[in-house]
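Inside the fold
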Amino acid sequence: MNPKALFALCDELLHEVLRFSQPADSVVSSFFRREKALGMRERHALAETVYSVLRDKIRLQYLAKSGKGSLERRLSLLAWQGTEAFLRAAATPEELKWLTTARLLSLDKQPDNLRHNLPEWLAEPLKAQVGDSFWPLVESLRQPAGLDLRVNLLKSKRELAQAALAEEGIHTTPTPWSPWGLRALGKPPLNRSNAFLRGDMEVQDEGSQLLALLTEAKRGEMVVDFCAGAGGKTLALGAMMRNTGRLYAFDVSAHRLAALKPRLARSGLSNVYPAGIAHERDERVKRLAGKIDRVLVDAPCSGLGTLRRNPDLKWRQSPEAIAEMTAKQGAILASAARLVKSGGRLVYATCSLLRAENEEIADAFAAAHPDFVPVDVAEVLARQGVANATELTDAGHLRLWPHRHGTDGFFAAVWQRR
Ligand SMILES: C[S@@+](CC[C@H](N)C(=O)[O-])C[C@H]1O[C@@H](n2cnc3c(N)ncnc32)[C@H](O)[C@@H]1O
């Protein structure tokens, strides 16, 4: 496509994404569905440019102030991720002159927000939480996330799966903590791999794999994945149970549960019972009260632990939305806890970095439910074959950070019912 036309499309796409009315990944995919003429490289350049703007929005908007033309045009020029030759062909001589000056501007003496590119309501609690690690955390959030796979132990073993992928030219290394994990080098086309298509592995961040391990689900048990969504963790739990027992996958979203069906077929699992519920106090939940061995609550959350993949979340979330979310999280956890039988286990997890959605929810739950005894996460993980598990915990909870562990940010608390 002609460079000027491609830049015009980039401005249009940015304009849509920066309205923040939809998640950036859905805006980008529906834009690409519409713009059929775009080639692979062009799509890549547009998507990467948009994501670069989302990651560094405060800095780029500051630099854009001095330019001319629409804001989207200036942002596209500043953040362009395609070739330099393309940019030179699309920009006017005046724009190129401006761009050269803007690129030379040093940010060393500029205010913190131009360097961390986070809204203040998020930067403040993170600084308070991680102290001197704030800047390494910021840096890690700017890096693209890796591609992790969970080997499906029903169908393969880690070494066998690694060898099968290598034969197909897909190179991986074992993940440092999860005994099921492989980390791909680069971004291989998995949908063309036979090993992947026959269900030997699933795409799943190492952090999510560790959350599933915390349930210690076993053969023949009754297990509930309370917020199953499209079933990333359900599939891991089903394999832990060796395809025996009964695994209920609850969710309020029928649409998400529908996405679980083809994954289930590929996984070879037949012990999973997906069930739409109206809300956390649904009749189905009441009927199973006190009967379940393991309950995983992978709660809806701000998703701020996934900023490497979803940098738009820092602009789409707000303190008000998080306050609403925390009320929901408390209600879901309290209701899901009723399912757990005496001696059974409850796991509360999020992919948020904020204490408000994590420790504060867990502490409030524990204070109101003295019959739930905290279980030390490091001990559970060590039993599950995770080396150096104490490096993954804080005050007995799981606490994963992108800058420390190379995973998305995750939290989990575990209890056993008396
Ligand atoms: C973090 S996502 C789950 C991701 C999923 N466990 C996975 O591993 O792919 C949270 C899920 O909670 C669901 N949810 C929201 N409110 C709920 C409620 N009251 N009861 C049960 N699920 C709920 C959402 O629809 C969403 O799918």
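Owing to the predicted nature of the structure, the values given are computational and were not obtained by experimental measurement.

Let us now look at the pairing of strand β13 (residues 410-417). Within β13, six of the eight residues are buried, which leaves it mostly tucked inside the rest of the structure. Of the pairings in the sheet, the one linking strand β9 (residues 340-350) to β13 comprises six bridges and is antiparallel in character. Across the sheet, Arg345 pairs through a bridge with Gln416, a residue of β13. Both strand β10 (residues 372-374) and β13 contribute to a ladder of three bridges, which runs antiparallel. Within β13, the position partnered with Val373 by the bridge is Gln416. Where strand β12 (residues 397-400) lies against β13, three bridges are found, and the strand directions are antiparallel.

On to the domain arrangement of the protein chain. Partitioning the protein chain into structural domains gives domain 1 (3-117), domain 2 (147-203) and domain 3 (206-417). Placing the centre of domain 1 and that of domain 2 at their C-alpha centroids yields a distance of 34 Å.

In this section: the site of the ligand. Around the ligand sit 20 residues, and of these Cys227, Gly229, Gly232, Ser253 and Asp298 come closest. Among the elements of the structure, α14 (232-240) and β6 (246-251) are those that each provide at least two residues to the shell around the ligand. Looking at the shell around the ligand residue by residue, the classes come out as nine nonpolar, six polar and five charged.

The positions UniProt marks with the feature "active site" (unreviewed entry) are Cys351. Among the structural elements, Cys351 can be located in the loop between β9 and α19 (359-368).

For helix α2 (residues 24-34), every residue scored as buried is listed here: Ala24, Val27 and Val28. All buried residues of α2 project into a common sector of 95° when viewed along the axis, lining one side. Relative to its buried face, α2 has exposed residues pointing more than 90 degrees away, namely Ser26, Ser30 and Arg33. Those residues of α2 hidden inside the fold are in contact with α1 (3-17) and α3 (40-55).

Turning our eyes to something else, we now look at the sheet that holds strand β2 (residues 172-174). Spatial strand order, β2-β3-β1-β4: four strands in an open sheet with antiparallel pairing. In this open sheet, the two edge strands, each paired with only one partner strand, are β2 and β4 (201-203). Across the sheet, the mean angle from the axis of one strand to that of its neighbour is 30°, orientation sign disregarded. In this structure, strand β1 (residues 147-151) lies alongside strand β3 (residues 181-184), joined through four bridges in antiparallel fashion. Paired with Leu149 across the strands is Leu182, a residue of β3.

About the cut-offs
- Within each chain, residue numbers correspond to sequence positions counted from 1 in written order.
- Residues qualify for local features only when their pLDDT is at least 70, as the model is predicted, and side-chain atom pairs are given and counted only at 80 or more; totals for whole chains, interfaces and linings, by contrast, use all residues.
- To sort residues by exposure, count the other C-beta atoms lying within 10 Å of each residue's C-beta; 20 or more gives buried, 12 or fewer gives exposed, and values between give partly exposed, all with C-beta atoms placed from the backbone.
- Counting from the N terminus, the helices are DSSP H or I runs at least four residues long and the strands are E runs at least two residues long.
- Two strands are said to pair when DSSP picks up at least two bridges between them.
- Throughout the structure description, domain borders are defined by an automatic or database domain assignment.
- In this analysis a residue is considered near a molecule or strand if the C-beta atom, reconstructed from its backbone, is found within 6 Å of that molecule or strand.
- Nonpolar residues are Ala, Val, Leu, Ile, Met, Phe, Trp, Tyr, Cys and Pro. Charged residues are Asp, Glu, Lys and Arg, and all others, Gly as well, are polar.
- UniProt positions are given in the numbering used here, feature names are shortened, and annotations may be inferred rather than shown by experiment.
- The arc in question is the one spanned by the directions pointing from the helix axis to the C-beta atoms.
- Contacts here follow a simple rule: the backbone-placed C-beta atoms of the two residues must lie within 7 Å.
- In this analysis, axes come from line fits to C-alpha atoms, helices being fitted only over the stretch in contact, and the angle between any two N-to-C directions falls in the range 0 to 180 degrees.

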